[in-house]
Amino acid sequence: MQWALDFLPLPPCPELGTQPLSGILWALLVLFLWYCYRVGSDPPVTGRVHPGKLKSSCARAGRMSRSGSYGSGSSGGTDSGTGAATAAIGNGGTPCIAMETEEEEEDAGRCRGYLTPVLGHTLFPAQASPASRKLYSALQEYAKRYSWAGMGRIHKGLRDQARLSDRSSIQKPHLFFLPDVPSTPFFPRDAHRHDIEVLEASYPIILAEFQAVYQRGIDPKLGWTCQGPKGQAVFPLYNAGVCVAGNCRACPCTYRTLLSLRTFISSNSLGAAGFWLLGPGTALGGGYGPTNTRLRCHLGLQTPPQCELVVGGEPQCWSEGHCLLVDDSFLHTVSHNGAAEDGPRVIFSVDLWHPNVAAAERQALDYIFSPEQ
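Note that this is a predicted model, so its numbers are computed, not measured.

A few points about the overall build of the protein
Thought 1: When helices and strands are counted, the protein shows 11 helices and 14 strands.
Thought 2: Expressed as a percentage of the 373 residues in the protein, the buried residues total 42%.
Thought 3: By sequence separation, contacts in the protein at least 24 residues apart represent 69% of the contacts at least 6 residues apart.
Thought 4: Carbon and sulfur atoms make up 57% of the accessible area of the protein, which totals about 19,700 Å².

Okay, here's the thing in structure tokens:
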């Protein structure tokens, strides 16, 4: 076929040596048409996957071959965790974390796309205790009901439970450690300004209600709990996330103050609230709290001289009518070196959420550490 350049609106141009400029444009046009022809006629490359798609079909096929079908549970040598994960995928739910074997982990790693959730392909430590496995199962149940969104730190913390004893001795919570949480033995008032102001404003009525129950006598039949050495006693309003109804009825205004706090841990076993007494000449040795996800707020009610709280090597003293925010997951000691006539040291202790624990994490921890678990 013969092509002419008459249809191209090429302006007249001077010659460049022996070749006119229109000849150069004609050559460029021919090259462009040839490129378009090659691109349009090349066959698609087999096996190419769009980088934005999930490469989950291989992992699903591997699980289906081991469990028998998408909708079934465990069968034929498949552990129950993998069967539950397969059933959740087959029913359109969110895949849960399966306690996978090493072989399953390798298969998943070969078939995983970069958008596949990391939490779905992690091994639970073989050396984990039964208690840690129970908490891990509770996290799986929570994720199936709600979502894995925001669960990364909790997931990592539960997987690292077996190595809690390897942590430095200055901070070693014995039940649960949430990673990447800023830690310091004492926190400033601004961390929970609203709740501290509510407690300090209620100091007179809280003190009056304590004195009323104290004058009745320290007796287990009257709601008191004696702990540790002689001279230490607790009158709990909340114990391990459970309201002590009789004691709350004895202190109604204090109970209503608790309910008005924004960050009080009232729904899981990590939280407590009550009056704590320490008699003269009593000292409590070093100990660690159960978790770094909370702060203990101490409202001083009766603070005789020579009473001291040492947390993470930093000493502090209580003051009547004022609050201290303490991270008791640090090594801490308490002492009352006053005389007998000074009377007991009394604080109202309330467990508040650590300010760096997100709302989604708080909801999940309420579920995992619910008193029924």
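Describing the sheet that holds strand β8 (residues 282-287)
Thought 1: Within the open sheet, the 4 strands sit side by side as β8-β13-β10-β11. Their pairing is antiparallel. Of all the strands in the sheet, just β8 and β11 (314-316) have a single pairing partner and so form its edges. Going from strand to strand, the sheet's axes swing by 15° on average, the running direction of each strand aside.
Thought 2: Looking at chain direction, β8 and strand β13 (residues 332-336) are connected through 4 bridges and run antiparallel. Directly across from Leu284, in β13, lies its bridge partner Val334.

Topic: helix α10 (residues 252-259)
Along an α-helix, a turn takes 3.6 residues, which lines up residues three or four apart on a common side.
Thought 1: If you check which residues of α10 are buried, you get Thr254, Thr257 and Leu258. Seen from one end, α10 has its buried residues packed into an arc of 100°, which puts them on one side.
Thought 2: For α10, the elements touching its buried residues are α7 (193-201), α8 (203-215), β5 (232-239), β7 (273-278) and β14 (345-353).

Describing the nonpolar core
Thought 1: Grouped together as the largest cluster of nonpolar side chains are 32 residues, with contacts concentrated most on Leu199, Phe210, Leu258, Leu301, Phe348 and Val350.
Thought 2: Those elements that provide at least two residues to this core are α7, α8, β5, β7, β9 (294-302), β12 (323-326) and β14.
Thought 3: Of the residues forming this core, the biggest block, 5 residues, is contributed by α8.
Thought 4: Once residues within four sequence positions are removed from consideration, Phe348 is found in contact with Leu199, Ile206, Leu237, Thr254, Leu258, Gly274, Phe275, Cys297, His298, Leu299 and Leu301.
Thought 5: Counting 22 residues, the second largest nonpolar core, distinct from the first, contains Leu139, Tyr142, Met151 and Phe369.

Some remarks on helix α6 (residues 152-159)
Thought 1: Inspection of α6 places Ile154, His155, Gly157 and Leu158 among the buried residues, and these make up the whole buried set. Down the axis of α6, the smallest arc covering the buried residues is 165°, so these residues share one side.
Thought 2: Buried residues in α6 make contact with α5 (130-145) and α11 (359-368).

Points about a nonpolar patch on the surface
Thought 1: Together, Ile24, Leu25, Leu28 and Leu31 line one region of the surface with nonpolar side chains, adding up to about 370 Å² of accessible area.
Thought 2: With respect to the secondary-structure elements, Leu28 resides in helix α1 (residues 21-41).

With respect to the side chain of Thr263
Thought 1: Mapping Thr263 onto the fold places it in the loop between α10 and β7.
Thought 2: Engagement of the side chain of Thr263 in a polar contact is seen with the side chain of His192, the distance being 3.4 Å.

Section: the packing of α7 against α8
Thought 1: Contact pair α7 / α8: the axes reach a minimum separation of 5 Å and the direction vectors enclose 55°. Looking at the two axes, α7 sits oblique to α8. Facing α7, whose interface residues are Leu199, Glu200 and Ala201, α8 presents Tyr203, Pro204 and Ile206.
Thought 2: Class assignment for the residues of the contact of α7 with α8 results in 5 nonpolar, no polar and 1 charged.

Some points on the packing of α8 against α10
Thought 1: Where α8 meets α10, the closest approach of the two axes is 8 Å, and the angle between their N-to-C directions is 135°. Considered as vectors, α8 and α10 are oriented oblique to each other. Judged by the sense of rotation from one axis to the other, the crossing of α8 with α10 is left-handed. Only Pro252, Cys253 and Thr254 of α10 make contact with α8, whose side of the interface consists of Ile205, Ile206 and Glu209.
Thought 2: Looking at the contact of α8 with α10, its residues break down into 4 nonpolar, 1 polar and 1 charged.

A few points about the pairing of β9
Thought 1: Burial analysis of β9 places 8 of its 9 residues in the buried class, the great majority of the element.
Thought 2: Sheet topology places β9 next to β14; 8 bridges connect them, and they run antiparallel. Bridge assignment links His298 to a residue of β14, and that residue is Ser349.
Thought 3: Looking at chain direction, β9 and β12 are connected through 4 bridges and run antiparallel. Bridge pairing in β12 links Cys297 to Leu325.

Calculation criteria
Residues numbered from 1 in each chain as written. Predicted model: local features only at pLDDT ≥ 70, side-chain atom pairs only at ≥ 80, totals over all residues. Heavy atoms only, no water. Helix = DSSP H or I, 4+ residues; strand = E, 2+ residues; numbered from the N terminus. Buried < 20%, exposed > 50% of the residue type's maximum accessible area, 1.4 Å probe, protein only. Contact = heavy atoms within 4.5 Å. Areas by Shrake-Rupley, 256 points an atom, 1.4 Å probe, with all protein chains shown as cover. Pairing = 2+ DSSP bridges. Axes fitted to C-alpha atoms, helices over the stretch in contact; angles between N-to-C directions. Arc of directions from axis to C-beta. Core = buried A, V, L, I, M, F, W, Y, C linked by side-chain atoms within 4.5 Å. Patch = residues over 30% accessible without salt bridge, like charges linked within 9 Å, V, L, I, M, F, W, Y side chains within 5 Å. Salt bridge = Lys/Arg side-chain N within 4 Å of Asp/Glu carboxyl O. Polar contact = N/O pair within 3.5 Å; in protein donor to acceptor, adjacent residues only side chain to side chain. Parallel < 35°, antiparallel > 145°, perpendicular 65-115°, else oblique. Nonpolar A, V, L, I, M, F, W, Y, C, P; charged D, E, K, R; others polar. Left-handed = near helix turned anticlockwise from the far one by under 90°.

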